[in-house]
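# A look at the structure
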Amino acid sequence: MSLTRPDLDALPAYVPGRSVPGAIKLASNEVPYGPLPGVVDAVTAAIEGVHRYPDMGVTALRERLAARLGVAPERIATGCGSVALFEHLFRVTCLPGDEVVYPWRSFEAYPIIAATTAATSVRVPNTADHAHDLDAMAAAITERTRLVIVCSPNNPTGTAVRKADLDAFLDKVPANVLVALDEAYREFVTDPDVPDGLVEYGDRPNVVVLRTLSKAWGLAGLRVGYLIGTPEVAGAVRKVVTPFSTSLAAQAAALAALDAEDEMLRRVALITAERSRVVEAVRKVYPEVPETQGNFFWLPLGDQAAEFAAQCERAGVIVRAFQGDGVRVTLGTPEENDAFLGAL
Ligand SMILES: Cc1ncc(COP(=O)(O)O)c(C=O)c1O
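Residues numbered from 1 in each chain as written. Predicted model: local features only at pLDDT ≥ 70, side-chain atom pairs only at ≥ 80, totals over all residues. Heavy atoms only, no water.

Taken together, the neighbourhood of the ligand is formed by 13 residues, with Ser82, Asn155, Asp182, Thr212 and Ser214 sitting nearest. Measuring from an oxygen atom of the ligand, one finds a side-chain N or O atom of asparagine 155 at 2.7 Å. The separation between an oxygen atom of the ligand and a polar side-chain atom of lysine 215 is 2.9 Å. Coverage of the ligand by the protein amounts to 94% of the 390 Å² it exposes when considered alone. At three residues, the largest contribution of residues to the shell around the ligand is made by helix 3 (residues 81-93). When its residues are assigned to classes, the shell around the ligand shows five nonpolar, five polar and three charged. (Near = heavy atom within 4 Å. Polar contact = N/O pair within 3.5 Å; in protein donor to acceptor, adjacent residues only side chain to side chain. Areas by Shrake-Rupley, 256 points an atom, 1.4 Å probe, with all protein chains shown as cover. Helix = DSSP H or I, 4+ residues; strand = E, 2+ residues; numbered from the N terminus. Nonpolar A, V, L, I, M, F, W, Y, C, P; charged D, E, K, R; others polar.)

This is the structure:
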């Protein structure tokens, strides 16, 4: 007799990028340059207070984000990474049998969250060039649909949705369906045709934008994500959030990181320059690498994905295989990227 739900056996586990001592890790879409200046001091100072609970309202951080983004703090909710915010969003939108439409392949947490909340997954296959099929996604919306996810840049394929296409898509989504724009990699976007979800669509009541401090801001290990929606949607998320899940250290670190925006931008520019160099080199071997606006790129290797990753690992470079589909490679320092190119 099982003490847990029988359907969990069929659930794919979230696979983190592997860390192997001594190996170069290009498997988790992290930025390689260490914490931003000020973060270590802020966390060290915050540690003195860890016998107390943190501010449950995350007031200072929400106010800082609000000022930076030009919105009211009531429109912001924070969570233990934006992955947790997705879980909360599923909870506040879906009753049993309600549907969540999302592209596939995309962020692997979406189906896992759907399977353990009331939501039913409706996956819409990407186009042949690994981008969202927005027409098919719009066509997949039914009377049961409560939530639609647009992931741009898309993890793991790197492709991004252009403004004209997203305008047309959003116009087709009924007003009673929430659209979650997952912009975890927004800071790495260099194509001006890729819209900033908050700037372009922030005034639409059925749009919520999710971002994270894990990637460009270098706080993956402390877990700070945030969303911007209407006061109603953000308030609903704050209601169901696991209490105190934006920890004391996370709140302090996030405030310090946001103070170091110039350095964040400098580091992002290093990564996007490397992106151009490395993708061009990789395309000489694998011309089918799709465009990428993230800090990673996609090798659509199908059934060869696991073997490719295993060979990279033998050469001391850890990449992320999605067997049957492809391999995602995170951009690291120039030396790390050269090690990958050597392995390739
Ligand atoms: C597309 C996308 N969304 C959200 C997340 C969640 O990031 P975090 O929970 O670290 O904020 C990730 C992390 O890999 C991601 O790739």
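This is not the end of the story, as more comes after the structure.
Right, let's get into the sheet that holds strand 11 (residues 320-322). One key point about sheets: their strands pair by backbone hydrogen bonds, in either a parallel or an antiparallel sense. Reading across from one edge, 9-12-11 is the order of the three strands in this open sheet, with antiparallel pairing throughout. Edge positions in the open sheet fall to strand 9 (296-299) and strand 11, since each of these has one partner strand only. Averaged over all pairs of adjacent strands, the angle between their axes in this sheet comes to 20°, without regard to strand direction. Bridge analysis of strand 9 against strand 12 (residues 326-330) gives four bridges, and the strand direction is antiparallel. Pairing of tryptophan 298 across the sheet is with arginine 328, part of strand 12. Lying on the sheet, helix 11 (residues 305-314) is in contact with strand 9, strand 11 and strand 12; it crosses strand 11 at an angle near 165°. (Pairing = 2+ DSSP bridges. Axes fitted to C-alpha atoms, helices over the stretch in contact; angles between N-to-C directions. Contact = heavy atoms within 4.5 Å.)

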